[in-house]
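The primary structure of each chain is shown beneath.
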Amino acid sequence: MSEQVIIERDVPCELRDGTTLYANVYRPNQTGYYPILLTRLPYNKNLPNFSHRYIDPIRMALAGYVIIIQDVRGRFSSEGEFKPFQQELNDGYDSVEWAASLPYSNGDVGMFGLSYYGFTQMFAAMTQPPSLKAIFPAFTGHNINEEFSTRQGAVELGKLQTWILDSIAPDYLKRKQSTDAFKQTEQELVHDLDHILNWHQFAPYSEWPPIMKHPELQQLYTDYMNHDLIDETENKIDIRHVHVPGFHMAGWYDCFLNATINNYTETVKNNSDQKLIIGPWGHGVFTPYFGERYFGLKASGDNIAGVDDVTSLHLKWFDYWLKGKSSDAFDDNAPIHLFTMGRNEWRKEYEWPLARTQYQPLYLNADQTLAFEQPKESEGYSAYTYDPNHPVPTKGGPSLLIHGINTGPLDQREIEQRDDVLIYTTQPLDKPIEITGPIKAYIYASTDADDTDFTVKLTDVLPDGTSINITEGIVRAKHQYPDLKPGDVTLFEIDLWATSIEMLEGHQIRIQISSSNFPMYDVNPNTGESLKNTTETIKAQQTIFHSETSPSYVLLPIIE
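In this text the structure is predicted, and so the values were computed from the model without any measurement.

Novice: It is not clear to me how the packing of aromatic side chains should be interpreted in this structure. Could you clarify?
Specialist: The description of an aromatic ring pair rests on the distance of the ring centres and on the angle between the ring planes. All chains considered together, the criterion is met by 30 aromatic pairs. Centroid distance Phe119 to Phe123: 6.0 Å. Interplanar angle 65 degrees. Geometry classified as edge-to-face. Of this pair, Phe119 and Phe123 both sit in helix H3 (residues 116-126), 4 residues apart, which is roughly one turn of the helix. Here Phe123 falls in the buried class, since its relative accessible area comes to 0%. Consider the rings of Trp252 and Trp352, whose centres lie 6.4 Å apart with planes at 35 degrees: the pair is tilted. Of the two residues, Trp252 sits in the loop between strand E9 (246-251) and helix H11 (257-267) while Trp352 sits in the loop between strand E14 (345-349) and strand E15 (358-364), which places them 100 residues apart along the sequence. Using a relative accessible area of 3% as the deciding quantity, one classes Trp252 as buried. A cation over a ring is seen here: Lys176 above Tyr172, with NZ or CZ 5.0 Å from the ring centre.

If you want it as structure tokens, here you go:
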């Protein structure tokens, strides 16, 4: 196979400012001109598992493409200073046009990649390089502030601290320290990563010890905590400038689920040649066994819908747009492929949200039940005490913690035993109910604190009592209502993102309500301040209302 593919390492690409980036190139071992498939990543182009575990560049080169895997500016082989995200607009444009000019290129470029190197695609596409003809962004977004670091005002603490310490710090510090100094640093990083779940507990997190012991890394971490890098980049980002065909890949349990859906719904406004596929996956996880659920072999990234593996899906997309080949997968008019959990099947759809959706409120009742009928009580409420020193621990969901632990669909019964978690449950279903689409909770609540959080989680309760999380959300009270006063009864809108699941006969639908989900999100100290800069906390008395005049509910997208 190696004789059929030429592999070139550290091929230079000079940018407009004179900085040189380096890439590995995989190309057919025969003369000719080929379309280019480019990915740009900060995670080391030389990793033996190629481009972050999920695409085989050898197979793609054998299929008649030139594959380019490039270290972004300031990472591994490439020159320059790494400034996450903000550098990828101009650098993306220059790299696309450089790739198009290579002697074995036919002038057409596609881009692929997940997570950060899905962002590099989106940013490159926003600059409209003329040679970019199609993209395949997976598990990614385009709005850094709302999709990478915060959610409805809460900081995605576990994800940010894990990403910087695990994915960014080693090479970042290696480039800035002497060889001898980095030997000690490397040992410290390994130790701190092995104990990162304990380190998440530290406050104030602006003084996080795993970062503060490395002066070279402090500014980057501080800039992220203060959104300085993010704000500088946001002014230059406009997804309306994306006009190339795009295939958007998402997972129901991915931390970028909503962001990927937004990529699709926004770009399809400017170019109808967009596709969206959503599987029962986590962040770059394509296994049919995920969390504590088995979704069947057709959910596997090696056998999507019983037809394609992930590399084959990419090849079909790029064959269609870069080679003009017909394809049953892309010649039809169905732009969306969804995996419906519960019955564990793929299906085609034509718009998002689905046009046939019937939105039905599922109301909270004082007896801790859920019903589709609005409560009739003139007064009804439930209360709990939220103590920031003992937050509700993260249990599964779209978390991105160290090495993918504690993510996906997990049994929630331990969480539901806590005094600071309210649960509301339907009667066992007498027939299946399909929930497919975006979900929001509308919760009437009050607090005696200056500021606080409210969390909502939707779960599927099996006949044996197992409670499996489906979607979740959080809102920081003063993020939504800056003038909120203690005691105000306020209607909070909490985005639970989206799902597709058939709740089976005999199952029950459950809602959890609390005020923390840590370390997925930072703890709200209830003082009106943030634990970014303080360790002061106070307990808060939280009240959830469910009466005729204050009906709290979750709005479910029901598919008949």
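Novice: Would you explain the sheet that holds strand E21 (residues 467-476) in this entry?
Specialist: Sheets are built from strands that pair by backbone hydrogen bonding, the pairs being arranged parallel or antiparallel. What the 4 strands build is an open sheet, ordered E18-E23-E20-E21; its pairing is antiparallel. Each of the sheet's edge strands pairs with one partner strand only, and the pair in question is strand E18 (422-425) and E21. Taking the axes of each pair of neighbouring strands and ignoring which way they run, one obtains an average angle of 20 degrees across the sheet. Alignment of E18 against strand E23 (residues 508-514), held across 4 bridges, turns out to be antiparallel. Directly across from Thr425, in E23, lies its bridge partner Arg510.

Novice: Would you mind going over the environment of Asn406 with me for this structure?
Specialist: Within the secondary structure, Asn406 sits in the loop between strand E17 (381-386) and helix H14 (413-416). On the basis of relative accessible area, Asn406 is assigned to the partly exposed category, the value being 26%. For the pair Asn406 and Leu38, spaced 368 residues apart in the sequence, the C-alpha separation amounts to 32 Å. In this structure Asn406 touches Thr394, Lys395, Gly396, Ser399 and Leu401, once residues within four positions along its chain are discounted. There is a polar contact of 2.8 Å between the side chain of Asn406 and the backbone nitrogen of Gly396.

Novice: Please clarify how a nonpolar patch on the surface should be interpreted in this entry.
Specialist: On the surface, Tyr289, Tyr294 and Leu297 cluster together into a nonpolar patch covering about 350 Å² of accessible area. Secondary-structure assignment places Tyr289 in strand E11 (residues 289-290).

Novice: How should the packing of helix H5 (residues 157-174) against helix H9 (residues 215-225) be read in this particular structure?
Specialist: Packed helix pairs are characterised by how far apart their axes lie and by the angle those axes make with each other. In contact at an axis separation of 11 Å, H5 and H9 are set at 150 degrees when each is read in the N-to-C sense. The orientation of H5 with respect to H9, classified from their angle, is roughly antiparallel. Where H5 crosses over H9, the handedness of that crossing is right-handed. Of the residues in H9, those in contact with Leu160, Gln161, Trp163, Ile164, Ile168, Ala169, Tyr172 and Leu173 of H5 are Glu216, Leu217, Leu220, Tyr221, Tyr224 and Met225. When grouped by side-chain class, the residues that make up the contact of H5 with H9 number 12 nonpolar, 1 polar and 1 charged.

Parameters and conventions
- Residues numbered from 1 in each chain as written.
- Predicted model: local features only at pLDDT ≥ 70, side-chain atom pairs only at ≥ 80, totals over all residues.
- Heavy atoms only, no water.
- Phe/Tyr/Trp six-rings, centres within 6.5 Å; stacked < 30°, edge-to-face > 60°.
- Helix = DSSP H or I, 4+ residues; strand = E, 2+ residues; numbered from the N terminus.
- Buried < 20%, exposed > 50% of the residue type's maximum accessible area, 1.4 Å probe, protein only.
- Lys NZ or Arg CZ within 6 Å of the ring centre and 35° of its normal.
- Pairing = 2+ DSSP bridges.
- Axes fitted to C-alpha atoms, helices over the stretch in contact; angles between N-to-C directions.
- Contact = heavy atoms within 4.5 Å.
- Polar contact = N/O pair within 3.5 Å; in protein donor to acceptor, adjacent residues only side chain to side chain.
- Patch = residues over 30% accessible without salt bridge, like charges linked within 9 Å, V, L, I, M, F, W, Y side chains within 5 Å.
- Areas by Shrake-Rupley, 256 points an atom, 1.4 Å probe, with all protein chains shown as cover.
- Salt bridge = Lys/Arg side-chain N within 4 Å of Asp/Glu carboxyl O.
- Parallel < 35°, antiparallel > 145°, perpendicular 65-115°, else oblique.
- Left-handed = near helix turned anticlockwise from the far one by under 90°.
- Nonpolar A, V, L, I, M, F, W, Y, C, P; charged D, E, K, R; others polar.

By themselves, these observations are geometric and do not establish any function.
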